[in-house]
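The primary structure of each chain is shown beneath.
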Amino acid sequence: MMGWTRLLAALTLMLFAMPVAARGADPLPSWHDTGPKQAIMAYVGKVTAKGPGYVAPAERIAVFDNDGALWPENPVPFQAAYAFDEIRRRAPAEPALAADPMVQALLAGDMTTLLAGKHHDGLMHIMALTHAGMTTDEFNAAVSAWMNTARHPKFGRPYDQLTYQPMQELLRYLRANGFKTFIVSGGGADFMRVWSERVYGIPPEQVVGSSTRSRFETRDGRPVLVKTMDAVFVDDKDGKPVGIQQFIGRRPIAAFGNSDGDKAMLEYVTIGNPHPSFGMIVRHTDAAREYQYDVNPKSSGTLVDALKEAPARGWTVVDMAADWRTVFADTAPGKKADVRVTERQ
């Protein structure tokens with residue numbers, strides 16, 4: 001009897017030591033059983049199984065763009081929506097602010113003016129007006145308050161309920177298989193760090209984004225950090241590999257994006273990598289459940305060059321309409337979607 005007990009215990013331990021996919025349960029139920037799902041699971045199996053493709057857990061780094069890859073970026077990126085709401089709230093009571101040309105462009109809905117320039121200079125100016133000068137604690141509180149009250153203009157939900165359910169499953173699947181998941185986004189690092197752990201299970205120290213220098217001060221006898229617009233680092237396009245090296249210090253083996261802004265990151269991760277690598281592009285093809293665009297998004301997210309390069313590079317392209325069973329988690333009105341992640345890495 002004792003022998004059977006020990007055998008059962010050993011089998012139980014073996015079962016829970018297996019990757020999730022080997023246990024029989026579908027780790028990606030919101031994905032259709034099409035090419036992208038099969039490619040993801042084949043890759044994870046390859047790098048986690050002992051053999052020629054095995055990658056040690058310490059090297060299993062996966063990087064994700066945020067806007068357009070983990071949640072929508074239309075009609076504008078959600079951080080821009082926060083900044084726009086702040087301007088609209090303040091402008092009626094602040095004549096000097098209302099007279100600013102970029103504020104006037106925003107209030108007139110002139111996105112062309114705001115997005116002009118190499119780094120969307122007008123939008124960056126709006127970010128400066130709504131982000132700089134406050135302490136980091138004040139900024140965190142303002143973003144949290146906005147998240148609790150703001151609603152997306154198309155979907156009518158709080159912004160943090162609009163994460164892509166298939167990508168939430170992918171994050172969990174990778175972590176269950178020993179991957180460490182990072183956000184590497186053109187969005188502001190401070191903005192994403194307010195909610196990334198609660199929403200994605202990605203702690204703030206694993207968020208790489210655009211950033212500026214903070215200034216140490218003492219206010220009312222308390223040490224604080226004050227946000228400035230000095231030393232701007234834009235974590236987009238060629239800046240993404242730079243940010244990965246600066247803040248992560250390891251070359252990732254898997255990268256997930258959705259636009260030409262992620263092309264350099266995909267190239268850095270998949271070209272000449274000493275480990276087996278994986279690149280994936282989420283293509284917005286679903287006008288009914290989300291948006292449909294490649295060349296002409298409403299604001300950001302143009303996908304042209306990276307899409308052309310994908311076949312030659314072996315990058316997996318996800319057709320949102322064809323490859324995802326669902327886009328967002330089902331949520332009753334007024335109820336938060338249950339997208340919390342219990343395991344974290």
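Residues numbered from 1 in each chain as written. Predicted model: local features only at pLDDT ≥ 70, side-chain atom pairs only at ≥ 80, totals over all residues. Heavy atoms only, no water.

A short note on the environment of Gln 104
Okay, so step 1: Tracing the backbone shows Gln 104 in helix α5 (residues 101-107).
Okay, so step 2: When the C-alpha atoms of Gln 104 and Ala 91 are compared, they prove to be 9.6 Å apart, with 13 residues separating the residues in sequence.
Okay, so step 3: The contact partners of Gln 104, leaving out residues within four places of it in the chain, are Ala 98 and Ala 99. (Helix = DSSP H or I, 4+ residues; strand = E, 2+ residues; numbered from the N terminus. Contact = heavy atoms within 4.5 Å.)

Digging into the packing of helix α2 (residues 35-48) against helix α9 (residues 165-176)
Okay, so step 1: Where α2 contacts α9, the two axes come as close as 11 Å, and the packing angle between them is 15 degrees. It follows that α2 is roughly parallel to α9 by the angle criterion. Considering the relative orientation of α2 and α9, their crossing is right-handed. The segment α2 lies against α9, with Ile 40, Met 41 and Val 44 engaging Leu 170, Tyr 173 and Leu 174.
Okay, so step 2: Its residues assigned to classes, the contact of α2 with α9 shows six nonpolar, no polar and no charged. (Axes fitted to C-alpha atoms, helices over the stretch in contact; angles between N-to-C directions. Parallel < 35°, antiparallel > 145°, perpendicular 65-115°, else oblique. Left-handed = near helix turned anticlockwise from the far one by under 90°. Nonpolar A, V, L, I, M, F, W, Y, C, P; charged D, E, K, R; others polar.)

A few points about the pairing of strand β5 (residues 222-227)
Okay, so step 1: Where strand β4 (residues 214-219) lies against β5, six bridges are found, and the strand directions are antiparallel. Bridge pairing in β5 links Phe 216 to Leu 225.
Okay, so step 2: From the end of β4 to the start of β5, which pair antiparallel, there are two residues, and Asp 220 there has a positive phi angle of about 55 degrees. (Pairing = 2+ DSSP bridges.)

With respect to the nonpolar core
Okay, so step 1: Core analysis: the biggest nonpolar cluster contains 62 residues, and Met 167, Leu 170, Phe 256 and Met 280 have the highest contact counts within it.
Okay, so step 2: With seven residues, the single largest contributor to this core is helix α3 (residues 78-90).
Okay, so step 3: Each residue touching Met 167, except ones within four places of it in the same chain, is listed here: Trp 31, Phe 64, Ala 69, Leu 70, Phe 256, Met 280, Val 282 and Trp 324.
Okay, so step 4: Judged by nonpolar contacts, the second largest core, of 16 residues, contains Ile 61, Val 63, Ile 281 and Leu 303. (Core = buried A, V, L, I, M, F, W, Y, C linked by side-chain atoms within 4.5 Å. Buried < 20%, exposed > 50% of the residue type's maximum accessible area, 1.4 Å probe, protein only.)

Quick notes on the side chain of Asn 66
Okay, so step 1: Here Asn 66 lies in the loop between β1 (61-64) and α3.
Okay, so step 2: We classify Asn 66 as buried; its relative accessible area is 1%.
Okay, so step 3: Apart from residues no more than four positions distant in its own chain, Asn 66 is found in contact with Trp 71, Ile 183, Ser 185, Met 192, Trp 195 and Tyr 200.

So, the sheet that holds strand β2 (residues 180-188)
Okay, so step 1: Ordered by their spatial adjacency, six strands build an open sheet running β3-β2-β1-β6-β7-β8, and the pairing between neighbours is parallel. Two strands close off the open sheet at either side, each with one partner strand: β3 (207-210) and β8 (316-319). With strand direction ignored, the average angle separating the axes of adjacent strands in the sheet is 15 degrees.
Okay, so step 2: With three bridges joining them, β2 and β3 adopt parallel strand pairing. Residue pairing in the sheet places Gly 188 in a bridge with Ser 210 of β3.
Okay, so step 3: On the sheet, α9 packs against β1, β2, β6 (254-257) and β7 (278-283) and is oriented at approximately 165 degrees with respect to β1.
Okay, so step 4: In the packing of helix α12 (residues 239-247) onto the sheet, contacts are made with β1, β2 and β3, and the angle to β2 comes to roughly 130 degrees.

Things to note about helix α7 (residues 121-131)
Okay, so step 1: Regarding α7, the residues found buried are Gly 122, Leu 123, Ile 126, Met 127, Thr 130 and His 131. Projected down its long axis, α7 shows its buried positions confined to an angular sector of 160 degrees, all on one face.
Okay, so step 2: Elements that come into contact with the buried residues of α7 comprise α3, α5, α6 (111-115), α8 (136-149) and β5.
Okay, so step 3: At the C-terminal side of α7, Gly 133 shows a positive phi close to 95 degrees. (Arc of directions from axis to C-beta.)

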